[in-house]
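Fold and contact review
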Protein chains: 2
Amino acid sequence: MSSRDVSPNLALDQLVARRRAEGAAIVHLGFGESRLPVFRPLVSRLLEGASRNAYGPVAGSADARAAVAGYFTRRRMPTDADQTVLAPGSKPLLMALQLVLPGDVLLARPSWVTYAPQARLAGKQVFGVPIPDECGGVPEPEALRETIRSARASGHNPRILILTTPDNPTGTVASPALVRELCEIAESEDLLILSDEIYRDIVHDPWRPVLSPAEVVPDRTIVLTGLSKSIALGGWRIGAARFPSGPWGERIRDEVLAVASEIWSTLAGPMQAVAEYVFAEPPEVVRRIAADTRLHGIVANAVHEIMVGAGALCRPPTGGFYVYPDFEPLRERLDWHGVTDSASLQRVLLDDFGVAVLGGHHLGDDPGALRFRAATSMLYGQTAEQREAALYAERPLSLPHIRDELDLLEEKLSVFVSSGVTKGAAVFPAGVR
Amino acid sequence: MSSRDVSPNLALDQLVARRRAEGAAIVHLGFGESRLPVFRPLVSRLLEGASRNAYGPVAGSADARAAVAGYFTRRRMPTDADQTVLAPGSKPLLMALQLVLPGDVLLARPSWVTYAPQARLAGKQVFGVPIPDECGGVPEPEALRETIRSARASGHNPRILILTTPDNPTGTVASPALVRELCEIAESEDLLILSDEIYRDIVHDPWRPVLSPAEVVPDRTIVLTGLSKSIALGGWRIGAARFPSGPWGERIRDEVLAVASEIWSTLAGPMQAVAEYVFAEPPEVVRRIAADTRLHGIVANAVHEIMVGAGALCRPPTGGFYVYPDFEPLRERLDWHGVTDSASLQRVLLDDFGVAVLGGHHLGDDPGALRFRAATSMLYGQTAEQREAALYAERPLSLPHIRDELDLLEEKLSVFVSSGVTKGAAVFPAGVR
Ligand SMILES: Cc1ncc(COP(=O)(O)O)c(C=O)c1O
Ligand SMILES: Cc1ncc(COP(=O)(O)O)c(C=O)c1O
């Protein structure tokens, strides 16, 4: 098989870690991880789960699945435990779904780095559809219709629509009206929806309405979730899926379980104990997730201000922990740095200015555009103490370690966008590179 | 895609669990799991690893990889940390390898349930090769040569040879002479070897020599291992791979990492802390694994005696925790029960005699043969206390809960193989079914 690369976001994170170890001062906005401490009570659950060293059921224990079912039921998606499957992350579940579901894939453009490579591993064609002006994570409806039409005309079979609300990379939440419109298209065009709701509990304004396609077209929607983002457990690898009730949903679930049993067996037993606890949403978990979400909102908005201040266009963030600025208005000036597309934008920002971001081309976006994703959740501190302080600070932006990073980012960007000054490489000492 | 089934061993384990919950008394030999308690010190390591909630490097932390490298180095395979990759089980690593390595697959017949379905998921053809009389887990050399020849003649490209030593399902260890002979074939026929050494530390006689193909043809061998078997951690999902040094090994490793980054990201952080500890093999771990191995050997040999006593042919077990009897000598008598092939053998033993085993057809063996795999590690007890007692008993076979199960098995099999008696279904009360 042809040579492959590690997922570019994971690769970038490893690169930044290496450069920092060599002494470089980098503002790291390159990795979509909630860098917050482990919620203490989870450690006791892990301990309690330690005796679970048997392989156990592929889908996860009955109790853990019941907790996941409750989680969805409380979000207006009535769910039986049998409709749920746990796994070591939502990533393997998405992979298994791409392997078992028929047809080609329709993706918002830009969208999360992994959807497209998984589709290719599953032998599927990917059709990117531009996002609307108001938000990302979903295709613009008219463009979606047009893409389906032309894909079919060229002999393809687009059947799977992946939606991400709230979204990575744009940090936005699709409106219920837009979700309904997309569900109508799914009905009329006979699409299956993979609704990636891993950021579901990170909506900055707790009153903002969130609608799942599973509420509108339950029979054609599979929902993905996980604990990597909302409660900062990326490294513990806990994800879950919700399948439609009824025979079709059961069949897809069984096929996913079959693939699971050949690829990863099951979610580790101790992690199932953790899942059971978190998905049951006891008050202290709800409070902790609310605290995380508040911090994500405050810092994402601060970074948004900096981007706009630097002259970029940028959707205001409403969910998750990302912003996705567009430096098109500054194209002429940036040309001066050798920045002509998103690959050179990413490279120059990292090499000459010590700002790590992920170029839009990695997310399926137009490679010629000057867009990147900034993961704002990386700004909470470089030590466990700093992150803990950020989480519980009344005014996180006043914490010196966050303020300093934001100021540094603002300064670096302002130099970057100022034409006619000395090149970044010269402005910053060598160690910074 | 066509409909799929859950891996038959996992499915059988779930079925037995359901029947037992309904009150059935089943001698469960159907699942390849070391049912022993968690080694206590591992729980502290899990706890220490709890703060590792960042995604971290795809391959695993540098420290965990260094420990894995040490593990292999102590087994005459000098290894650098960069040659190793950790994962949530060895199963995902085997899957990734099948996805990235070119060519079709040569498998011992019978062999572990998962190799063939993974090959099919990767779009590969599987060629089964009979095993020698002396042991399983490896193809008989002359039959291997012949299979390669005829596969090539029919336009196929057999390139990947999977070897399992010690073996599941036969519970045997291939001799160094045989391994050398297979390595010669690998050289002359340009095969890559996947050496599945997950049972490596479960060799009943500690003085029995074990040779890894990686010692003979290091440049064409990838070794798999894990903690599921030797230290009874199946449900914790910890596996590792060792790649050859040099450019080809690096390329394969990088491609496996690329696949890993799209399918499972990384081994959970707390589990990496566990891996680091176990693979470093401190004395208490070595002692615990020796205790497990002693028990596996004693009980596997007792079951072997029962099988032979019942009239089956059966290789004496020398590693792992399995026996693989052949009831061919009793074919005429068993016909009386409606047993004519390994599927009916498995069904009648479970339904009419309450003995759960895995028919050889699930392992790629000739479906018409009367062979099955008995996983003897399931006999250590049904409670944590019983298993703990089994592990540390001077004479495990004298423990009532083990003695009783073995006696029950012996009795059930003796009824089963006695022609002319009332059908098993009538002999045992309904509850037993
Ligand atoms: C949109 C989206 N979906 C899924 C994932 C996968 O997360 P995990 O495999 O940790 O559940 C991520 C993580 O970056 C993500 O951003
Ligand atoms: C021969 C063999 N290889 C690999 C595995 C996979 O084990 P794990 O994924 O738990 O590492 C097993 C488990 O049954 C096995 O018997």
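So, how was this worked out
- Residues numbered from 1 in each chain as written.
- Chains lettered and ligands numbered in written order.
- Predicted model: local features only at pLDDT ≥ 70, side-chain atom pairs only at ≥ 80, totals over all residues.
- Heavy atoms only, no water.
- UniProt positions renumbered as here; feature names shortened; annotations may be inferred.
- Near = heavy atom within 4 Å.
- Polar contact = N/O pair within 3.5 Å; in protein donor to acceptor, adjacent residues only side chain to side chain.
- Helix = DSSP H or I, 4+ residues; strand = E, 2+ residues; numbered from the N terminus.
- Pairing = 2+ DSSP bridges.
- Least-squares fit on C-alpha atoms with pLDDT ≥ 70 in both.
- Contact = heavy atoms within 4.5 Å.
- Expected span 1.5 Å × (residues − 1).
- Buried < 20%, exposed > 50% of the residue type's maximum accessible area, 1.4 Å probe, protein only.
- Nonpolar A, V, L, I, M, F, W, Y, C, P; charged D, E, K, R; others polar.
- Core = buried A, V, L, I, M, F, W, Y, C linked by side-chain atoms within 4.5 Å.

As recorded in an unreviewed UniProt entry, chain A goes by Aminotransferase and comes from Microbispora triticiradicis. You can read under Sequence similarities (unreviewed entry) in the UniProt record for chain A the words "Belongs to the class-I pyridoxal-phosphate-dependent aminotransferase family." In its Cofactor (unreviewed entry) section, the UniProt record describing chain A reads: "pyridoxal 5'-phosphate".

With that out of the way, let us pick up the site of ligand 1. Taken together, 14 residues are adjacent to ligand 1, and N168(A), D196(A), Y199(A), S228(A) and K229(A) come closest. Proximal residues around ligand 1 fall on chains A and B, making this an inter-chain site. Within the contact set of ligand 1, an oxygen atom lies 2.5 Å away from a side-chain nitrogen or oxygen of S228(A). A distance of 2.7 Å separates an oxygen atom of ligand 1 from a polar atom in the side chain of R237(A).

Here the focus is unusual backbone geometry. Put simply, N168(A) and P169(A) share a cis peptide bond, and its omega is 25 degrees. Topologically, P169(A) is positioned in the loop between β5 (158–164) and α7 (176–189). Although it is not a glycine, R237(B) sits at a positive phi angle of roughly 60 degrees. The topology assignment puts R237(B) in the loop between β7 (221–226) and β8 (239–242).

All right, on to the sheet that holds strand β9 (residues 322–323) of chain B then. Residue and element names in this part refer to chain B. The strand order across the open sheet built from three strands is β9-β12-β11, with neighbouring strands paired in antiparallel fashion. In this open sheet, the two edge strands, each paired with only one partner strand, are β9 and β11 (358–359). Pairing of β11 with strand β12 (residues 372–375), which is carried by two bridges, proceeds in the antiparallel orientation. Residue pairing for β12: L358 is matched across the bridge by R373.

Okay, the relation of the copies chain A and chain B next. Each of the two copies of the chain can be brought onto the other by a rotation about an axis and a shift along it. Superposition of chain A onto chain B requires a rotation of 180 degrees combined with a translation of 0.0 Å along the rotation axis, giving an RMSD of 0.0 Å. The superposition operator between the copies reduces to a two-fold rotation axis. No C-alpha of chain A lies nearer the rotation axis than that of L47(A), which sits 3.4 Å from it. Here 100% of the contact residues of chain A are again contact residues in chain B; the copies associate through an equivalent surface.

Residues and elements named next belong to chain B. For helix α3 (residues 62–73), built from twelve residues, the straight-helix expectation of 16 Å at 1.5 Å per residue is met to within 8% by its first-to-last C-alpha distance of 16 Å. A64, R65, A67, V68, A69, G70, Y71 and F72 are the residues of α3 that are buried. The secondary structure elements touched by the buried residues of α3 are β2 (84–87), β7, β8 and α10 (269–279).

This paragraph deals with the site of ligand 2. Taken together, 14 residues sit near ligand 2, with Y55(A), N168(B), D196(B), Y199(B) and S228(B) positioned nearest. More than a single chain frames ligand 2: its nearby residues are located in chains A and B. N168(B) is positioned with one of its side-chain polar atoms (N or O) 2.7 Å from an oxygen atom of ligand 2. At 2.5 Å from an oxygen atom of ligand 2 is found a side-chain nitrogen or oxygen belonging to S228(B). In terms of residue class, the shell around ligand 2 is built from five nonpolar, five polar and four charged.

Here we take up the nonpolar core. Among the nonpolar cores identified, the biggest contains 149 residues, and F327(A) and F416(A) are the most heavily contacted of them. Residues contacting F327(A), with those up to four places away along its chain left out, are M307(A), A310(A), A312(A), L334(A), L370(A), F372(A) and V417(A). In terms of nonpolar packing, the next biggest core, distinct from the first, is built from 62 residues, M77(A), V223(B), L233(B) and V278(B) among them.

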